[in-house]
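Per-entry structural report
The chain contents come next:
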Amino acid sequence: MKIVIPGGTGQVGTILNRALTAAGHDVVVLTRQPRRKGEIHWDGETLGPWAEAIDGSDIVINLAGRSVSCRYTAANLQAMMDSRVNSARVVGESIAAAAQPPRVWLQMSTATIYAHRFDAPHDEATGVFGGTEPGVPDYWAYSVEIAKAWEREQERADTPHTRKVALRTAMVMSPDRGGVFDVLLRLARLGLGGPVAGGAQYVSWIQDRDFVRAVEFLIDRDDLAGPVNVAAPEPVPQRTFMRTLRATWCVPVGLPATKWMAELGAFVMRSDTELLLKSRRVIPGRLLEAGFTFDHATWPQAAEDLVERVRDDRAAQVVRREPSAPRSGGPQADRRLGGGEVSPR
């Protein structure tokens with residue numbers, strides 16, 4: 001299949017591109033700064049020559065939007081809104097104008113659309129949108145408005161021959177450098193991965209390979225359209241999430257952080273505490289009802305897999321950096337040197 005991924009150079013796009021390319025698909029990435037084969041320039045706002053890639057494609061997976069890993073200033077929040085809404089609008093326009101439109105348009109959305117909540121999980125049928133919760137910062141409501149506007153832009157697109165799915169996605173955990181799991185693991189390894197502001201807030205997540213499998217499942221299922229929660233079925237409190245990660249890496253201690261300490265840390269990291277403090281308790285109701293099965297449904301299972309892959313990758317990097325062992329003494333010497341293997345542990 002020919003698959004076009006607008007905004008496909010970030011963490012999630014890299015995960016999808018790698019997996020779909022390995023599966024034999026022809027993947028085209030639309031990006032503001034094309035650098036590699038298979039990347040085409042677009043501005044995310046206006047129709048241009050890039051639209052030719054969508055005409056005749058099979059699948060469009062729109063991931064475009066300003067990263068949420070930033071300070072939530074008024075300017076940054078507006079940039080998040082504009083980049084998401086404008087890119088969804090122009091993707092819809094390109095599909096509407098295509099002589100051979102794609103059969104499926106998967107549009108990235110976010111689990112942040114749901115309310116900050118501890119008492120019950122959100123599925124697509126019974127979940128409650130956020131924006132009116134008491135006792136949370138006012139700007140959290142704007143994040144919900146961004147998510148709703150993002151989905152609304154896809155809904156209003158006039159694409160009668162293209163099935164549309166909004167991916168209400170939780171945090172995608174992968175061993176890739178620079179991703180959210182990489183940041184959390186670094187904190188855990190430094191002994192800083194304790195409960196934040198008590199740690200009762202829920203973390204919704206999905207392991208990267210399950211994320212890819214869910215996308216492939218939604219591509220294949222012609223009966224599924226509209227919003228779909230793309231999250232593992234067992235969200236956990238933040239204190240449990242980080243305790244499990246520490247235990248998997250064999251770190252005995254995780255220093256707790258108060259709310260003001262989290263604010264200070266977020267400021268230093270140029271991020272925002274909403275990512276840490278909002279309780280995202282989201283479950284994949286429609287995926288489960290449709291028969292999708294998770295390979296990593298629980299966080300201990302997923303954390304063990306991710307940590308093992310991180311260790312394997314680092315061990316492989318050590319092997320690649322090491323100079324070749326001197327070839328003296330023949331086969332006996334090779335056996336004494338252990339064949340050049342390095343333990344990932």
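Notes on the structure in this doc start here.

How each quantity is defined
Residues numbered from 1 in each chain as written. Predicted model: local features only at pLDDT ≥ 70, side-chain atom pairs only at ≥ 80, totals over all residues. Heavy atoms only, no water. Helix = DSSP H or I, 4+ residues; strand = E, 2+ residues; numbered from the N terminus. Rg over C-alpha atoms; globule rule 2.2 N^0.38 Å. Buried < 20%, exposed > 50% of the residue type's maximum accessible area, 1.4 Å probe, protein only. Contact = heavy atoms within 4.5 Å. Areas by Shrake-Rupley, 256 points an atom, 1.4 Å probe, with all protein chains shown as cover. Lys, Arg positive; Asp, Glu negative; His and termini not counted. Charge placed at Lys NZ, Arg CZ, Asp CG, Glu CD. Polar contact = N/O pair within 3.5 Å; in protein donor to acceptor, adjacent residues only side chain to side chain. Pairing = 2+ DSSP bridges. Axes fitted to C-alpha atoms, helices over the stretch in contact; angles between N-to-C directions.

For the rest of this paragraph, the subject is the overall build of the protein chain. Regarding its fold elements, the protein chain presents twelve helices and eleven strands. Relative to a compact globule of 345 residues, whose C-alpha radius of gyration would be 20 Å, the protein chain shows 22 Å and is just as compact. Viewed in the frame of its principal axes, the protein chain has a C-alpha envelope of about 70 × 50 × 40 Å. Expressed as a percentage of its 345 residues, the buried residues of the protein chain come to 49%. For the protein chain, long-range pairs separated by at least 24 residues make up 78% of all intrachain contacts whose partners lie at least 6 apart in sequence. Here the protein chain has roughly 16,400 Å² of accessible surface; of this, 54% comes from carbon and sulfur atoms. Considering the protein chain, the positive charge centre built from 42 side chains and the negative charge centre built from 41 side chains are found 6 Å apart.

On the secondary structure map, Tyr139 appears in helix H4 (residues 139-156). Along the primary structure Tyr139 and Ala115 are separated by 24 residues, whereas in three dimensions their C-alpha atoms are 13 Å apart. Excluding anything up to four places from it in sequence, Tyr139 contacts Tyr72, Leu77, Asp272, Thr273 and Glu274. Engagement of the side chain of Tyr139 in a polar contact is seen with the side chain of Asp272, the distance being 2.5 Å.

Our focus in this paragraph is the side chain of Thr248. Topologically, Thr248 is positioned in helix H7 (residues 238-249). Only 2.7 Å separates the side chain of Thr248 from the backbone oxygen of Thr244, close enough to count as a polar contact.

Read from one edge of the open sheet, seven strands run S3-S2-S1-S4-S5-S6-S10, paired in parallel fashion. The two strands at the open ends of the sheet, each matched to only one other strand, are strand S3 (39-41) and strand S10 (226-230). This sheet shows a mean twist of 25° between the axes of neighbouring strands, independent of strand direction. As judged from the four bridges shared by strand S4 (residues 59-62) and strand S5 (residues 104-110), these two strands associate in the parallel manner. Residue pairing for S5: Asn62 is matched across the bridge by Gln107.

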